[in-house]
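# Geometric and topological summary
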Amino acid sequence: MNRILIMGPPGAGKGTQAVAVAEHYRIPAISTGEIFRSHVAEGTALGTTARRYMRAGEYVPDDVTNEMVRERLSRADCGGGFLLDGYPRTLDQVVMLDKMLGERDAAIDAVVALSVGIEDLVERLIHRAGVQHRADDTEDVIRRRLQVYRCETEPLLGEYSARGLLLTVDGTGTVPEVAGRVFEALDARS
Ligand code: AMP
């Protein structure tokens, strides 16, 4: 179990769980959102492009995102596997990820989908806005991000379910509670 995706709507707790799972399997946790945020912080050209989309709650264009992930997955630390947090998010990204992995005779082992009700999500995101001061955690942008997730990303769950890879995990409760469920689901598969 060493090539894992973690999916779920904004505010579902993907980032937190991703770190715990990656530590357990000794694989790097790769968050496209985090990579974009560090480019923005460093003021790179990629950061300037990404910032425009992120501030509006929109997805960064697929060609930009795919290229960034291709470069990241080609690094040595991904040789033994990886956990992707927040990628793929569109059907085009699914196709590109399949292609990148196919080139090295690899494939995804499991997709963990965290499920959290809409009310809980909005509450968590508004709380996070107060704590982390993320530029994309204002109420309008939060609403837009949830909408974009529903249109663009939720359909991917059906695709991974059809492939027999989807592990849907209840994302409500404390961080250790959710982590326990994630490990139970992954252990049952391996
Ligand atoms: P996250 O930290 O995963 O919530 O991502 C924050 C923001 O980064 C998203 O709202 C998007 O604007 C952008 N982003 C992250 N991952 C992707 C992706 N796979 N495709 C397009 N945009 C992304």
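Structure shown above.
Residue indices begin from 1 for each chain and proceed along its sequence in written order. With pLDDT at 70 or above as the cut-off, local features in this predicted model cover only qualifying residues; side-chain atom pairs require 80 or more to be listed or tallied, and sums for whole chains, interfaces and linings still use all residues. Side-chain calculation: all heavy atoms of the structure are included, whereas hydrogens and water are not.

Now for the overall build of the protein chain. Every helix listed is a DSSP run of H or I at least four residues long, and every strand listed is a run of E at least two residues long, numbered separately from the N terminus. Along the backbone of the protein chain there are eight helices and five strands. Tracing the protein chain from N to C terminus, the helices and strands come up as β-α-β-α-α-α-β-α-β-α-α-β-α. Restricting the calculation to C-alpha atoms gives the radius of gyration, and the globule rule supplies 2.2 Å times the number of residues raised to the power 0.38. Taken over the C-alpha trace, the protein chain has a radius of gyration of 16 Å; the compact-globule value for 190 residues is 16 Å, and the two agree within 12%. The C-alpha extent of the protein chain, read off along each of the three principal axes, is 40 × 40 × 30 Å. Counting only residues that meet the buried cut, the protein chain has 42% of its 190 residues in that class. Long-range contacts, defined as pairs at least 24 residues apart, comprise 74% of the intrachain contacts of the protein chain with a sequence gap of at least 6. Whether a residue is buried, partly exposed or exposed follows from its accessible area with a 1.4 Å probe, protein chains only, as a fraction of its type maximum: under 20%, in between, or over 50%, in that order. The criterion used for residue contact is that any of the two residues' heavy atoms lie within 4.5 Å.

Here we come to helix α4 (residues 62-73). Expected helix span is taken as 1.5 Å per residue step, with the number of steps being one fewer than the number of residues. Its 12 residues give α4 an end-to-end C-alpha distance of 16 Å, which sits within 8% of 16 Å, the value for a rise of 1.5 Å per residue. For α4, the secondary structure elements touched by its buried residues are β2 (29-31), α2 (32-42), α3 (45-56), β3 (82-85) and α5 (91-102).

As a further point, take the pairing of strand β1 (residues 3-7). Along β1, four of the five residues are buried, which leaves the element largely enclosed by surrounding structure. Paired strands, as defined in this entry, are two strands with at least two bridges between them according to DSSP. By the bridge criterion, four bridges tie β1 to β3 in an arrangement that is parallel. Looking at the pairing, arginine 3 lines up with phenylalanine 82 of β3.

Quick look at the packing of helix α1 (residues 14-25) against helix α8 (residues 175-189) now. Each axis is a line fitted through C-alpha atoms, taken for helices only over the stretch in contact, and angles between the N-to-C directions span 0 to 180 degrees. Across the interface, α1 lies against α8 with an axial gap of 10 Å and an inter-helix angle of 50°. What the angle tells us is that α1 and α8 run oblique. Pair α1 / α8 crosses with right-handed handedness. From α1, Thr16, Gln17, Ala20, Val21, His24 and Tyr25 reach across to α8, where they touch Val175, Val178, Ala179, Val182, Phe183, Leu186 and Asp187. Basically, the charged four are Asp, Glu, Lys and Arg, the nonpolar ten are Ala, Val, Leu, Ile, Met, Phe, Trp, Tyr, Cys and Pro, and anything else, Gly included, counts as polar. Classifying every residue of the contact of α1 with α8 by side-chain character gives nine nonpolar, three polar and one charged. For classification purposes, an angle smaller than 35 degrees is called roughly parallel, one larger than 145 roughly antiparallel, one from 65 to 115 roughly perpendicular, and anything else oblique. In this scheme the handedness of a crossing depends on how the near helix is turned from the far one: anticlockwise by less than a right angle means left-handed, clockwise means right-handed.

Residues of α3 that are buried include every one of Gly47, Ala50 and Met54, and no others. One side of α3 holds all its buried residues, which, seen down the axis, span an arc of 70°. In α3, those exposed residues whose orientation departs by more than 90 degrees from the buried face are Ala45 and Arg52. Close packing links the buried residues of α3 with α2 and α7 (139-162). By construction, the arc corresponds to the directions joining the helix axis to the C-beta atoms.

Take the nonpolar core next. In this description, a nonpolar core means a group of buried Ala, Val, Leu, Ile, Met, Phe, Trp, Tyr and Cys residues linked to one another through side-chain atoms lying within 4.5 Å. With 24 residues, the main nonpolar core has Ile4, Val21, Leu83, Val112, Leu114, Val182 and Leu186 as its most contacted residues. Listing elements by their share of this core, those giving two or more residues are β1, α1, β4 (110-115), α6 (118-132), α7, β5 (166-170) and α8. Ranked by residue count, the leading element in this core is α8, at six residues. Listed in part, the 22 residues of the second largest apolar core include Leu97, Ile108, Tyr149 and Leu156.

Within this document, salt bridges are pairs made up of a side-chain nitrogen of Lys or Arg and a carboxyl oxygen of Asp or Glu, the two lying within 4 Å of each other. All told, the structure shown has 10 salt bridges when counted by the stated rule. Salt-bridge contacts for arginine 37 lead to glutamate 34; the nearest nitrogen and oxygen are separated by 3.1 Å. Remark: glutamate 34 and arginine 37 occur in helix α2; sequence separation between them is three residues, near one turn of the helix. With its nearest N and O atoms 3.9 Å apart, the salt bridge here joins arginine 181 to aspartate 170. With a gap of 11 residues between them, arginine 181 in helix α8 and aspartate 170 in strand β5 connect regions that are remote in the sequence. Through salt bridges that share partners, Asp98, Glu159 and Arg163 make up one connected network.

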